[in-house]
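Overview (structure and organization)
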Amino acid sequence: MPEKEHSGIRRQQPLASWLRAGIEAFLYSSVFISLCAFGLTVETYLLTGNEVSLPMAGFVFLATLFTYNTSSLQRTWRGWGTSIAGQSWSIRHQRELTVLALLSLAGAVVLFFLYELRINLWFVLALALISVGYTVPLGRGRIKPFRSVPLLKVFLIALVWSAVTVLFPLIDAAVQLDSQVILIWVRRFLFILALALLFDIRDYTYDRRTRTLTFPGLLGEHYTRYLSLGLLLLYLLLVLLTEQGAILISLMSAALVAGLIVWNASEEKPRIYYALLADGAMLVHFAFVYLAVS
């Protein structure tokens, strides 16, 4: 009898190990956050009543996947990091992430030209430069990563994400960039900015060690949460002025979920809190809108 019990435990341990490894790969390979970008892109089509373009949504997914893995690409080129136990997941799997980055870049290029996506190539390259330069030094190291510029990184995140998930699909759909579109873009910018502040809270010790001034360093963790909640309230105000019916309820619900995540954020929270919940608030945002229009 004891032997059977021990055998059952041995069978359960590999299963739990495989499950944990799968969740880590899903989150830390940036597949999950790329799905969030995919969802927000589809949501833009739903909010404006345009037909969903899966090639465009797929392009955004692959471009996001490439951008978030450029650090691994850079480390591989420079010969940094080896798969050493105890290092971060991305360092231990940098070779796999490098391959993933190259495949996602190739896929994004194929989709862009195969489906003749109608977005200005220079606009795409400008946002790509900002995205890559966020973590990777440019000009052979002469230009420091943009994230090291005091108080700038959260605005860059919100700018790129709102432009890619709102302007890219609508420009491709030949929608006129009128006041309605601008308001959707501003709403998205505020929502992403509120969430981006959480990652300043998460990285507070690291940013302080590297002498990078961020909002928690300027205001403190407590008031940074209040600033994030204030941005969500401003977002809600714009939603109340521009939406109605089921869409209004869905966007208010998404803001409430995000507000709860912000309220409970702290530097002591594990990284999975931010990888799963803070990023996941964007996917919840999409899901509520999708349910509202279905």
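Residues numbered from 1 in each chain as written. Predicted model: local features only at pLDDT ≥ 70, side-chain atom pairs only at ≥ 80, totals over all residues. Heavy atoms only, no water.

1. Thoughts on the overall build of the protein
The condition is simple: Secondary structure elements are defined from DSSP: runs of H or I of at least 4 residues count as helices, runs of E of at least 2 residues count as strands, and each element is numbered from the N terminus. Only protein chains enter the accessibility calculation, which uses a 1.4 Å probe. A residue is then buried if its area is under 20% of the maximum for its type, exposed if over 50%, and partly exposed in between. A contact between two residues is defined here by any heavy atoms of the two lying within 4.5 Å. What sets the accessible areas is the Shrake-Rupley method with a 1.4 Å probe; for residues, cover comes only from the shown protein chains.
Across its full length, the protein holds 15 helices and zero strands. When burial is assessed residue by residue, the protein has 44% of its 294 residues classed as buried. Across the protein, the fraction of contacts at a sequence separation of at least 24, relative to all contacts at a separation of at least 6, is 70%. In the form shown here, the protein has an accessible surface area of approximately 15,600 Å², with 67% of it arising from carbon and sulfur atoms.

2. Notes on the nonpolar core
As a reminder of what qualifies: In this text, buried Ala, Val, Leu, Ile, Met, Phe, Trp, Tyr and Cys residues form a nonpolar core when linked through side-chain atoms within 4.5 Å.
Counting 67 residues, the largest nonpolar core has Phe59, Leu198 and Met282 as the members making the most contacts within it. No other element matches helix α9 (residues 179-202), which puts 14 residues into this core. Discounting chain neighbours no more than four positions away, the residues touching phenylalanine 59 are Ala108, Leu111, Phe112, Leu117, Ile119, Val124 and Phe168.

3. Thoughts on the packing of helix α3 (residues 54-68) against helix α6 (residues 94-114)
Rules: A fitted line through C-alpha atoms serves as each axis, taken over the contacting stretch for helices, and the angle formed by two N-to-C directions is quoted from 0 to 180°. In this scheme, roughly parallel covers angles under 35 degrees and roughly antiparallel covers those over 145, while 65 to 115 is roughly perpendicular and the rest are oblique. A crossing counts as left-handed when the near helix is turned anticlockwise from the far one by less than a right angle, and as right-handed when that turn is clockwise. Each residue receives one of three labels: charged for Asp, Glu, Lys and Arg, nonpolar for Ala, Val, Leu, Ile, Met, Phe, Trp, Tyr, Cys and Pro, and polar for the others, Gly being one of them.
The geometry of α3 relative to α6 is characterised by a closest axis approach of 8 Å and an angle of 150 degrees between their N-to-C directions. It follows from the interaxial angle that α3 and α6 lie roughly antiparallel. Once α3 is placed against α6, the crossing between them reads as left-handed. Across from Pro55, Gly58, Phe59, Leu62, Ala63, Leu65 and Phe66 in α3, the residues of α6 making contact are Leu100, Ala101, Ser104, Leu105, Gly107, Ala108, Leu111 and Phe112. Classifying every residue of the contact of α3 with α6 by side-chain character gives 12 nonpolar, three polar and no charged.

4. Side note on the side chain of serine 29
Among the structural elements, serine 29 can be located in the loop between α1 (2-28) and α2 (31-48). With near-sequence residues (within four places) excluded, serine 29 lies in contact with Glu24, Leu65, Asn69, Trp89, Leu97 and Leu100.

5. Comments concerning the packing of α3 against helix α8 (residues 153-172)
Taken N-terminus to C-terminus, the directions of α3 and α8 make an angle of 150 degrees; their axes are 10 Å apart at the nearest point. In terms of orientation, α3 lies roughly antiparallel with respect to α8. Our pair here, α3 against α8, has a crossing hand that is right-handed. Note on element contacts: α8 touches α3 through Trp161, Val164, Phe168, Pro169 and Asp172, opposite Met56, Phe59, Val60, Thr64 and Tyr68. A per-class count over the contact of α3 with α8 returns eight nonpolar, one polar and one charged.

6. Some remarks on a nonpolar patch on the surface
The line we're drawing: Put simply, a patch holds well-exposed residues, over 30% relative accessible area, that have no salt bridge, with like charges counted together within 9 Å and Val, Leu, Ile, Met, Phe, Trp or Tyr side chains within 5 Å. Here a salt bridge means any side-chain nitrogen of Lys or Arg lying within 4 Å of a carboxyl oxygen belonging to Asp or Glu.
A surface patch of nonpolar side chains, about 690 Å² in accessible area, is lined by Leu213, Leu218, Leu219, Tyr223, Tyr226, Leu227 and Trp263. Elements supplying a minimum of two residues to the nonpolar patch: α11 (215-219) and α12 (221-242). With respect to the helices and strands, leucine 213 occurs in the loop between α10 (204-209) and α11. Exposure remark for leucine 213: the relative accessible area of 35% places this residue in the partly exposed category.

7. Some points on the confidence of the model for the protein
Our working rule: A residue's pLDDT is simply how confident the predictor is in it, with values from 0 to 100.
In the predicted model, the protein carries a mean pLDDT of 87, and the fraction of residues at 70 or more is 88%. Taken element by element, the protein is modelled with least confidence in helix α4 (residues 70-78), mean pLDDT 64, and with most confidence in α2, mean pLDDT 97. A low-confidence stretch, residues 81-86 stays under pLDDT 50, and its non-local contacts, those more than four residues away or across chains, total nine contacts.

8. Side note on α3
So the rule is basically this: Residue count minus one, scaled by 1.5 Å, sets the expected span of a helix.
Here α3 contains 15 residues, and its C-alpha end-to-end distance of 21 Å stays within 8% of the 21 Å for a straight helix at 1.5 Å per residue. Along α3, 12 of the 15 residues are buried, which leaves the element largely enclosed by surrounding structure. Those residues of α3 that sit buried are Pro55, Met56, Ala57, Gly58, Phe59, Val60, Phe61, Leu62, Thr64, Leu65, Phe66 and Thr67.

9. Comments concerning empty space enclosed by the protein
To be explicit about the condition: As defined here, a cavity is a set of points on a 1 Å grid over the protein atoms alone where a 1.4 Å probe fits but cannot get out. A pocket is an open set with protein on both sides within 12 Å along at least five of seven lines, and residues line them when an atom is within 4 Å of a point. Grid points are joined across faces, edges and corners, and a volume is the space filled by probe spheres set on the points.
Taken as a whole and assessed by the stated rule, the structure comprises two cavities of 30 Å³ or more. Taken as a whole, the largest cavity spans an internal volume of roughly 40 Å³. Together, Glu43, Leu47, Ile184, Arg187, Arg188, Tyr235, Leu251 and His285 line the largest cavity. Those elements giving two or more residues to the lining of the largest cavity turn out to be α2 and α9.

10. Quick word on the environment of threonine 242
Applicable threshold: In the analysis that follows, any N or O atom pair within 3.5 Å is treated as a polar contact, provided that within protein one partner can donate a hydrogen and the other can accept it, and provided that, for residues neighboring in sequence, both atoms belong to side chains.
As for its placement among the helices and strands, threonine 242 is situated in helix α12. Sequence separation of threonine 242 and glutamine 180 is 62 residues, and the distance between their C-alpha atoms is 8.2 Å. Among all residues touching threonine 242, those that are not within four sequence positions of it are Leu183 and Arg187. Side chain to side chain, threonine 242 and arginine 187 meet in a polar contact 2.9 Å long.

11. With respect to unusual backbone geometry
In this structure, serine 30 is a non-glycine residue whose phi angle is positive, near 75 degrees. One can find serine 30 in the loop between α1 and α2. With a relative accessible area of 8%, serine 30 lands in the buried category. Despite not being glycine, alanine 174 shows a phi value in the positive range, around 60 degrees. Structurally, the position occupied by alanine 174 is in the loop between α8 and α9. Assessed through its relative accessible area of 58%, alanine 174 is described here as exposed.

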